Amino acid sequence: MSSVEESVAPAARPAGPPPYLPGHHLLAGRTAVITAAAGAGIGGATARRFLEEGARVVLGDVHARRLRGCVATLAEAFGARSVAGLTCDVTDETQVAALFDLAEERHGGLDIVVNNAGLGGTADLVDMTDEQWDKVLDTTLTGTFRCTRAALRRLRHGTGGGVVVNNASVIGWRAQRGQAHYAAAKAGVMALTRCAAVEAAAYGVRVNAVSPSLAMHPHLAKVTTPELLTELTGREAFGRYAEPWEIANVIVFLASGYSSYMTGETVSVSSQRA
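Everything numeric in this text was worked out from a predicted model, so none of it was measured.

1. Describing the overall build of the chain
No. 1: Scanning the chain from N- to C-terminus turns up 9 helices and 7 strands.
No. 2: Scored against the burial criterion, the 274 residues of the chain give a buried share of 45%.
No. 3: Looking at the chain alone, contacts between residues at least 24 apart form 75% of all its contacts between residues at least 6 apart.
No. 4: Here the chain displays about 13300 Å² of accessible surface, and carbon together with sulfur accounts for 56% of that area.

Okay, here's the thing in structure tokens:
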């Protein structure tokens, strides 16, 4: 290897994620609605991070038992007044409205909405059924639309400063076999984010999105083959997947005053090389 080649040789990859950061009261006194927040993934990590930053959270999730357990755990750690939950299927407009109504009933309004609900699946396009396509699009894209609409209908009457953060994915930019429906939905979330941001600016409301690559949690491991996880992990520059709380940290940034001049943006939370 020449001296030039040696100078650009890749450095050794870190063994694991960095230390978990403490809260800094970035969201103190604010009320957040977070969908799909009862699991061990990005939604659950975001709920905990928001509470650590001083927010009150109203959590929605389609899994009632899991949601009750999550609310109980967080209430024990942060206080019952800071945590509420309601079963919410984002494909049902009535349930979406009820979730947002709960935030207003408990806390007199809301300041932040995190649209985390999404649904994946794997099927080659030639074998994909209309039902498979519709189910993924209705949850992932149309569900985000329903919740963004509900948020803006409420936030437009506030004093400004409201925030919506959508969960997109790098697959909205990049191709992956068997993921046409999910990729189309996530690309749609990005476009929805940009258009909603233009409209919401008149109300002093910001709308942004995060675009993670691979954030590992137990439920993902159950629906993904070990071979695919190994392949996807190998694409990451750090040689590891993201912890859900690393995505949640960026969501905190977008929800906080530190991103006050950002709207309509999709922030890639990824170390993928290709």
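2. Digging into helix H5 (residues 130-155)
No. 1: With 26 residues, H5 extends 35 Å between its outermost C-alpha atoms, agreeing within 8% with the 38 Å of an ideal straight helix rising 1.5 Å per residue.
No. 2: Largest kink in H5: about 40°, centred on aspartate 138.

3. Some remarks on unusual backbone geometry
No. 1: Of note, histidine 25 is a non-glycine position whose phi angle comes to about 60°, a positive value.
No. 2: Look at histidine 25 and you get exposed, because its relative accessible area is 61%.
No. 3: In this structure, alanine 36 is a non-glycine residue whose phi angle is positive, near 50°.
No. 4: Mapped onto the elements, alanine 36 comes out in the loop between strand S1 (31-34) and helix H2 (42-52).

4. Considering the pattern of salt bridges
No. 1: Counted according to the given criterion, the structure contains 6 salt bridges.
No. 2: The residue glutamate 93 makes a salt bridge to arginine 149 at a minimum N-O spacing of 3.1 Å. Taken as a pair, glutamate 93 in helix H4 (residues 93-107) and arginine 149 in helix H5 lie far apart in primary sequence, 56 residues in all.
No. 3: Assessed through its relative accessible area of 28%, arginine 149 is described here as partly exposed.
No. 4: With a shortest N-O distance of 2.9 Å, arginine 154 and aspartate 101 are connected by a salt bridge. Remark: aspartate 101 occurs in helix H4 and arginine 154 occurs in helix H5; sequence separation between them is 53 residues.

5. Comments concerning the sheet that holds S1
No. 1: Taken in spatial order, the 7 strands of this open sheet run S3-S2-S1-S4-S5-S6-S7, and their pairing is parallel. Pairing within the sheet leaves two strands with one partner each, and these edge strands are strand S3 (83-87) and strand S7 (266-269). Between one strand axis and the next, the sheet turns by 15° as a mean value, whatever way the strands run.
No. 2: When strand S2 (residues 56-61) meets S3, the two strands line up parallel, connected through 5 bridges. Each residue of the ladder has a partner; that of glycine 60, found in S3, is leucine 86.
No. 3: Across the sheet, H4 touches S1, S2, S3 and strand S4 (112-115), and the angle it forms with S3 is around 160°.
No. 4: Contacts between helix H9 (residues 244-255) and the sheet are confined to S4, strand S5 (163-167), strand S6 (206-212) and S7, with S6 contributing the most and set at about 165° to the helix.

6. Considerations on the side chain of serine 211
No. 1: Residue position: serine 211 is located in strand S6.
No. 2: Polar side-chain contacts of serine 211 include one of 3.0 Å to the backbone oxygen of serine 169.
No. 3: Non-local contacts of serine 211, meaning those with residues more than four positions away in its chain, are made with Ala168, Ser169, Val170, Trp173, Met190, Thr266, Val267, Ser268 and Val269.

7. A look at the nonpolar core
No. 1: Counting residues in each nonpolar core, the largest one holds 31 residues, and the members touching the most others are Ile34, Phe50, Leu59, Val83, Ile247 and Ile251.
No. 2: For this core, the secondary structure elements donating two or more residues are S1, H2, S2, helix H3 (64-78), S4, S5 and H9.
No. 3: If we ignore the near neighbours within four places in the chain, the residues touching leucine 59 are Ile34, Ala37, Ala47, Leu67, Cys70, Val71, Leu74, Val83, Ala84, Gly85, Leu86 and Leu99.
No. 4: The next biggest cluster of nonpolar side chains, apart from the first, holds 24 residues, and it includes Val58, Ala84, Ala103 and Leu110.

The rules behind each value
- Residues numbered from 1 in each chain as written.
- Predicted model: local features only at pLDDT ≥ 70, side-chain atom pairs only at ≥ 80, totals over all residues.
- Heavy atoms only, no water.
- Helix = DSSP H or I, 4+ residues; strand = E, 2+ residues; numbered from the N terminus.
- Buried < 20%, exposed > 50% of the residue type's maximum accessible area, 1.4 Å probe, protein only.
- Contact = heavy atoms within 4.5 Å.
- Areas by Shrake-Rupley, 256 points an atom, 1.4 Å probe, with all protein chains shown as cover.
- Expected span 1.5 Å × (residues − 1).
- Bend = angle between axes of the 7 residues up to and from the residue.
- Salt bridge = Lys/Arg side-chain N within 4 Å of Asp/Glu carboxyl O.
- Pairing = 2+ DSSP bridges.
- Axes fitted to C-alpha atoms, helices over the stretch in contact; angles between N-to-C directions.
- Polar contact = N/O pair within 3.5 Å; in protein donor to acceptor, adjacent residues only side chain to side chain.
- Core = buried A, V, L, I, M, F, W, Y, C linked by side-chain atoms within 4.5 Å.

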